[in-house]
Amino acid sequence: MLKMNNVSKTFRTDTVETHALREFSLTVDEGEFVSVTGPSGSGKTTFLNIAGMLEELTSGSYELDGRDISKLNDKQRSQVRNEKIGFIFQSFNLIPELDIFDNVDVPLRYRGFNGDERKRRIEKCLDMVGLTSRMKHYPAQLSGGQQQRVAIARALAGEPRFLLADEPTGNLDTHMAESVLDLLTEINESGTTIIMVTHELSLADRAKRNIFVRDGQVSDGPSDVQFATAANG
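So, a few notes on the structure that sits alongside this text. Every value quoted in this text rests on a predicted model; they were computed, and no experiment measured them. (Residues numbered from 1 in each chain as written. Predicted model: local features only at pLDDT ≥ 70, side-chain atom pairs only at ≥ 80, totals over all residues. Heavy atoms only, no water.)

Below, the discussion takes up unusual backbone geometry. Look at Asn6: it is not a glycine, yet its phi comes out positive at around 55°. We classify Asn6 as partly exposed; its relative accessible area is 39%. Notably, Asp65 is not glycine yet its phi reads approximately 55°, a positive angle. Mapped onto the elements of the fold, Asp65 is located in the loop between strand S4 (59-64) and strand S5 (67-68). (Buried < 20%, exposed > 50% of the residue type's maximum accessible area, 1.4 Å probe, protein only. Helix = DSSP H or I, 4+ residues; strand = E, 2+ residues; numbered from the N terminus.)

This part takes up the packing of helix H5 (residues 144-157) against helix H6 (residues 174-189). Closest axis-to-axis distance for the H5/H6 pair is 9 Å, and the angle between their directions is 20°. Taken together, H5 and H6 sit at an angle that is classed as roughly parallel. In this structure, the crossing between H5 and H6 has a hand that is right-handed. Residue-level inspection shows Gly144, Gly145, Gln148, Arg149, Ile152 and Leu156 of H5 in contact with H6, the latter providing Met176, Ser179, Val180, Leu183, Leu184 and Ile187. Looking at side-chain class alone, the contact of H5 with H6 contains seven nonpolar, four polar and one charged residues. (Axes fitted to C-alpha atoms, helices over the stretch in contact; angles between N-to-C directions. Parallel < 35°, antiparallel > 145°, perpendicular 65-115°, else oblique. Left-handed = near helix turned anticlockwise from the far one by under 90°. Contact = heavy atoms within 4.5 Å. Nonpolar A, V, L, I, M, F, W, Y, C, P; charged D, E, K, R; others polar.)

This is the structure in structure tokens:
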């Protein structure tokens, strides 16, 4: 479903050249739940941004669902991103002035769905994450775990082929983090492909496969002690 071959990403300024990814290669099959771990600055978020077509690669190739992304223009990439990818962020990215129903509704309006279809999708996804009774609440009235569940519902409402989750439990306590991982596991078991970036090795182990990234490349994973040192460094 997702195939990157020798992908490189270089950020340049007048005086500095930074290689965020170096000949990065990875294949993710449909229905997989893959965690991506590694120390800060290793290239995890850059990989996720390129996978989500939020950034362009410098060299190499990237195929998503059989399409060569490098050959698409901006409009085509936006269309693929909106139709196939759901994003879950560490900071939730909810709009504080909108209630939960309207937060989930925002991306559906951009997709051009009519009111009845949007309502059906919103209620279905809020029920899936256990927040039907809170749909008229505002983000400030919810716990961190509940806000992340709203963010997951928003991502699912577009019925994406796969989810990209960037530290989805980073702002949650242990109990809430486990609850969110339980939900992601259920979503994956229903057929949605998930790629999750995380620093938490215990949460990464909940995925079906773990990819360790070091210095912009896929690497052999370290021991638990080494990982804890790298993640906190």
